[in-house]
Amino acid sequence: MRAVTWQGVNEIGVEDVPDPAILNGHDIIVEVGLSATCGSDLHLLGGYIPAMRAGDVLGHEFMGTVVETGPAVTKHQMGDRVVVVSFTSCGQCWYCRQGLFSLCDNGNPNPGITEALWGQSIGGCYGYSHAMGGWAGSHAQYIRVPYADQGAFAIPENVSDQRALFASDAAPTGWTGAHQAGVQPGDVVAVWGAGGVGQMAARAAMLMGAERVVVIDRFDNRLEQVRTHIGADTIDYEHSDVPAELREMSGGRGPDVCIEAVGMEAHSPGPQHVYDQVKQQMRLQTDRPTAVREAIYSCRKGGTVFTLGVFGGVVDKFPLGAVMNKALTLRGAQQHGHRYIPEILDHMSRDEVRTEHLATHVMSIEDGAKGYRMFKEKEDGCVRAVFVPGA
Amino acid sequence: MSPGVAARAARAGGALVGQVRSSLGGSSSPAGASRPASGWLAVTVLCEPGALDPAALPAPLAELGDRIEVDVRPAPGDKGTELYARLRGRKARGGGSAGSRLTGNDAEAELRSALRRAKQLVEVGEVLAVDPAPHGKRSATPSGAVLESWTKDAPAAGVL
């Protein structure tokens with residue numbers, strides 16, 4: 001089959017790879033219908049997450065059709081149209097039973113790598129390095145889905161492929177941030193990053209009853225999407241003092257909840273960006289935490305800061321004093337999509353969550369390198385490049 | 001890759017991780033990477049204590065026979081059952097360098113892997129497999145050799 005593969009730092013290829021096979025009783029094979037690029041892929045592409053091997057198949061956000069089922073699968077059958085959560089989680093361990101699916105004890109076959117890096121292992125993720133399990137990704141004609149009764153979800157008839165696609169990762173990641181941050185009716189919520197995940201975090205916060213939601217970015221087309229499709233307010237950080245604007249928008253208090261949906265390659269217009277870039281390139285820090293710092297300074301006393309963007313290692317100049325003295329709650333997580341996807345699909349079927357606008361560039365899988373280039377460089381207003389393996 | 005090259009690659013990976021973790025922890029040994037003094041390795045399994053009988057252990061642990069001793073205790077807070085195992089006749093101290101533990105090249109690597117597989121068998125009913133996973137052409141590079149070796153040993157590696 002054809003697949004988009006990582007071939008080295010900033011090198012993407014399209015090549016023939018073997019078809020996947022059923023290896024465990026709980027597996028299904030899915031013929032991929034649509035597979036999206038994700039901002040977190042750019043960390044792999046840029047070499048910031050080092051456990052990638054040339055030839056690894058990329059992609060973790062996808063939907064498609066079930067074409068084969070293992071003998072222990074009870075929920076799915078051939079021909080089902082499904083969306084699959086990007087994390088591999090067993091559904092049976094203590095963490096999964098608490099709804100903390102991305103912390104699964106059993107979903108990462110290579111636990112030694114993340115135990116070495118972080119002290120404990122978390123679940124696995126498709127197409128996201130050997131540290132996260134070495135699972136083949138979804139930018140391919142077919143993909144093997146382990147623990148399919150847990151991770152694959154039937155798509156309601158009235159939800160289009162392009163809408164359901166983002167119930168795989170962007171939307172449940174956004175839901176994870178808003179819910180785990182404890183958004184309450186009446187809250188003012190600020191979201192850093194107007195990509196797919198940031199937009200979905202904002203939408204989730206609105207549906208959870210937030211009084212006002214504000215999304216911060218610098219790209220006009222993304223901020224316009226937020227206003228048009230999400231219904232939230234926006235701040236362009238290149239033309240505004242973000243903490244000052246947020247104070248004004250919240251009666252001088254600062255936001256109750258600050259959700260950072262940017263991650264380890266954050267940008268800022270100030271000198272701290274140069275500082276962070278130099279330290280990252282010299283490997284003196286692995287991640288650039290610009291947006292996290294701003295979220296911590298902006299958050300109201302006693303509020304919550306949630307790191308939803310992907311970070312891999314260590315950061316510098318972290319304002320721990322503000323965290324402690326302002327009595328902030330600092331939380332983070334990969335997505336626990338298994339618990340949120342049914343609710344998200346319901347919202348999608350009622351037209352309360354719309355995501356088609358995120359797929360700004362839909363193309364053949366043969367255009368894998370072009371798609372990643374457009375996505376990375378944000379060419380032509382690219383918010384997400386989406387591949388159609390069957391085209 | 002020959003066994004000698006693989007072993008050297010694993011050692012290189014272990015040394016690298018050890019160096020990184022040491023620099024973060026500010027000590028000569030990576031934080032949390034040492035074996036407990038008692039020698040017990042433990043996992044918590046989400047099951048009733050009665051489901052783990054030391055006399056009828058899951059196959060991965062049963063295969064180690066008299067080489068290990070096992071203890072089972074209820075976990076607090078309804079977290080399941082704590083399953084402990086350690087090697088008989090182990091050295092009183094040590095248990096391999098931090099680098100060798102983190103890369104699965106220490107004496108307890110086989111036991112570590114067995115505990116993880118036993119937990120999966122009880123909780124899920126099968127041991128998760130990832131290989132063979134579809135992939136494209138693998139170019140031969142030093143960093144690729146280190147990663148392949150570390151990945152191969154990762155199921156038996158770590159701080160467990």
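Fair warning: this is a prediction, and the values are worked out from it, not measured in the lab. Counting of residues starts from 1 at the beginning of each chain's written sequence and follows it residue by residue. Both sets of labels track the order of writing: A upward for chains, 1 upward for ligands. Totals for whole chains, interfaces and linings use all residues, but because this is a predicted model, local features are given only for residues with pLDDT of at least 70 and pairs of side-chain atoms are given and counted only at 80 or more.

1. Quick notes on the overall build of chain B
Numbering goes from the N terminus for both helices and strands, where a helix is a DSSP run of H or I of at least four residues and a strand is a run of E of at least two. If you tally the helices and strands in chain B, you get five helices and three strands. Listing each helix as α and each strand as β along chain B from the N terminus yields α-β-α-β-β-α-α-α. A residue pair is marked as a contact if its C-beta atoms, positioned from the backbone, fall within 7 Å. Here the contacts in chain B between residues at least 6 apart in sequence split such that 72% fall between residues at least 24 apart.

2. Topic: the overall build of chain A
Along chain A, the regular secondary structure elements total 14 helices and 18 strands. Only C-alpha atoms enter the radius of gyration; for comparison, a globular chain is expected to reach 2.2 Å times N to the power 0.38, where N is the number of residues. For 391 residues, the compact-globule estimate of 2.2 N^0.38 gives 21 Å, and the C-alpha radius of gyration of chain A, at 20 Å, lies within 12% of that figure. Over its C-alpha atoms, taken along the principal directions, chain A stretches across nearly 60 × 45 × 45 Å. For chain A, the proportion of its 391 residues judged to be buried stands at 59%. Across chain A, every contact between residues at least 6 apart in sequence was considered, and the portion connecting residues at least 24 apart equals 73%. Working definition of burial: number of other C-beta atoms within 10 Å of the residue's own, with buried at 20 or more, exposed at 12 or fewer, and partly exposed in between, all C-beta atoms being placed from the backbone.

3. Let's talk about the sheet that holds strand β4 (residues 56–57) of chain A
Residue and element names in this part refer to chain A. The three strands lie next to each other as β2-β1-β4, forming an open sheet whose pairing is antiparallel. In this open sheet, the two strands that pair with only one neighbour each are β2 (11–16) and β4. Two strands qualify as a pair provided DSSP detects at least 2 bridges between them. As paired elements, strand β1 (residues 2–8) and β4 share two bridges and run antiparallel to each other. Its bridge partner being in β4, Thr 5 is matched across the sheet by Val 57. Relative to the sheet, helix α14 (residues 368–377) contacts β1 and β2, its axis offset from that of β2 by approximately 155°. Angular values range over 0 to 180 degrees, each being the angle between N-to-C directions of two axes fitted as lines to C-alpha atoms, with helices fitted over their stretch in contact.

4. Focus on helix α8 (residues 220–230) of chain A
All names here are of chain A. Those residues of α8 that fall on the buried side of the exposure criterion are Arg 222, Gln 225, Val 226 and Ile 230. When α8 is viewed along its axis, its buried side chains cluster within an angular range of 100° and face the same direction. Facing away from the buried surface of α8 by more than 90 degrees, the exposed residues are Asp 220 and Thr 228. In this structure, the buried side of α8 is in contact with α7 (196–207), β12 (212–217) and β13 (233–236). The first or second residue beyond α8 is Gly 231, which carries a positive phi of 90°. What the arc describes is the spread of directions from the helix axis to the C-beta atoms.

5. A few points about the nonpolar core
Each nonpolar core comprises buried Ala, Val, Leu, Ile, Met, Phe, Trp, Tyr and Cys residues, the members being joined through C-beta atoms within 7 Å. Grouped together as the largest cluster of nonpolar side chains are 153 residues, with contacts concentrated most on Val 30, Val 83, Val 189, Val 191, Ala 201 and Ile 259 of chain A. Domain limits in this description derive from either an automatic procedure or a database domain assignment. Inspection of this core shows a minimum of three residues originating in each of domain 1 (2–169 + 335–388) and domain 2 (173–332) of chain A.

6. Some points on the pairing of strand β5 (residues 61–69) of chain A
Bridge count for strand β3 (residues 28–36) of chain A against β5 of chain A is eight bridges, and the pairing is antiparallel. When the sheet's bridge partners are listed, Ile 29 of chain A is paired in β5 of chain A with Glu 68 of chain A.

7. Focus: the interface of chain A and chain B
Contact residues are listed per partner, giving 41 residues for chain A and 38 residues for chain B. Only β1, β2, β4, α2 (94–97) and α3 (111–118) of chain A provide two or more residues apiece to the side of chain A that touches chain B. It is α3 of chain A that contributes the most residues to the side of chain A that touches chain B, five residues altogether. Classification used: nonpolar for Ala, Val, Leu, Ile, Met, Phe, Trp, Tyr, Cys and Pro, charged for Asp, Glu, Lys and Arg, polar for all others including Gly. Tallied by class, residues from the side of chain A that touches chain B come to 20 nonpolar, 14 polar and seven charged.

8. Some words on the confidence of the model for chain B
Any segment with low pLDDT has predicted coordinates that should not be analysed in fine detail. All names here are of chain B. Scored from 0 to 100, pLDDT records how confident the predictor is in each individual residue. Model confidence for chain B is summarised by a mean pLDDT of 82, while 77% of its residues fall at 70 or above. Confidence, expressed as mean pLDDT per element, reaches its minimum in chain B at helix α1 (residues 3–25) with 48 and its maximum at helix α2 (residues 59–62) with 98. Within the model, the stretch residues 1–12 combines pLDDT values under 50 with 13 contacts to residues more than four positions away or in other chains. Segment residues 22–28 is flagged for pLDDT under 50; beyond a separation of four residues in sequence, or across chains, it makes seven contacts in the model. Complex prediction metrics read pTM 0.92 and ipTM 0.92.

9. Re the packing of helix α9 (residues 242–249) of chain A against helix α11 (residues 290–298) of chain A
All names here are of chain A. The geometry of α9 relative to α11 is characterised by a closest axis approach of 10 Å and an angle of 35° between their N-to-C directions. Helix-helix and strand crossings are classified by hand; for α9 and α11 the assignment is right-handed. On α11, the residues that touch Val 242, Pro 243 and Leu 246 of α9 are Glu 294, Tyr 297 and Ser 298. Residue composition of the contact of α9 with α11, by class: four nonpolar, one polar and one charged. Each crossing is labelled by how the near helix is turned from the far one, with a counterclockwise turn of less than a right angle marking it left-handed and a clockwise turn marking it right-handed.

10. Some remarks on the packing of helix α6 (residues 170–180) of chain A against helix α13 (residues 337–349) of chain A
Residue and element names in this part refer to chain A. At a minimum axis distance of 9 Å, the contact between α6 and α13 shows a crossing angle of 110°. By the angle between their directions, the pair α6 and α13 is classed as roughly perpendicular. Between α6, through Ala 171, Pro 172, Trp 175 and Thr 176, and α13, the contact on the second element is made entirely by Gly 337, Tyr 340, Ile 341 and Ile 344. Tallied by class, the residues present in the contact of α6 with α13 amount to six nonpolar, two polar and no charged. Roughly parallel refers to an angle under 35 degrees, roughly antiparallel to one over 145, roughly perpendicular to one between 65 and 115, and oblique to any angle outside these ranges.

11. Here's the deal with the sheet that holds strand β3 (residues 81–87) of chain B
Residue and element names in this part refer to chain B. Read from one edge of the open sheet, three strands run β1-β3-β2, paired in antiparallel fashion. The open sheet is flanked by β1 (41–45) and β2 (68–74), the only strands paired with a single partner. The sheet shows a mean angle of 20° between the axes of neighbouring strands, taken without regard to direction. Helix α4 (residues 109–123) rests against β1, β2 and β3 of the sheet, and its axis sits at about 10° to β1.

12. Here's the deal with unusual backbone geometry
A negative phi angle is the norm for most residues apart from glycine, just as the trans form is the norm for most peptide bonds. The residue after Asp 131 of chain B, namely Pro 132 of chain B, is reached through a cis peptide bond having omega 5°. The residue Pro 132 of chain B is located in the loop between α4 and α5 (142–153) in this model. The backbone phi angle of Ser 129 of chain A is positive, close to 85°, even though this residue is not glycine. Mapped onto the fold, Ser 129 of chain A is located in the loop between β8 (124–125) and β9 (142–145). Positive phi is not limited to glycine here, since Ala 327 of chain A has a value of about 55°. One can find Ala 327 of chain A in the loop between α12 (320–325) and β16 (329–332).

13. Examining the environment of Pro 255 of chain A
All names here are of chain A. Positionally, Pro 255 belongs in the loop between α9 and β14 (257–260). The class of Pro 255 is buried, set by 27 C-beta atoms lying within 10 Å. Here the alpha-carbon distance between Pro 255 and Gln 280, two residues 25 residues apart in the chain, equals 29 Å. Those residues in contact with Pro 255 that lie beyond four places of it in its chain are Val 188, Val 189, Ala 190, Leu 246, Ser 250, Ser 298, Cys 299, Arg 300 and Gly 303.

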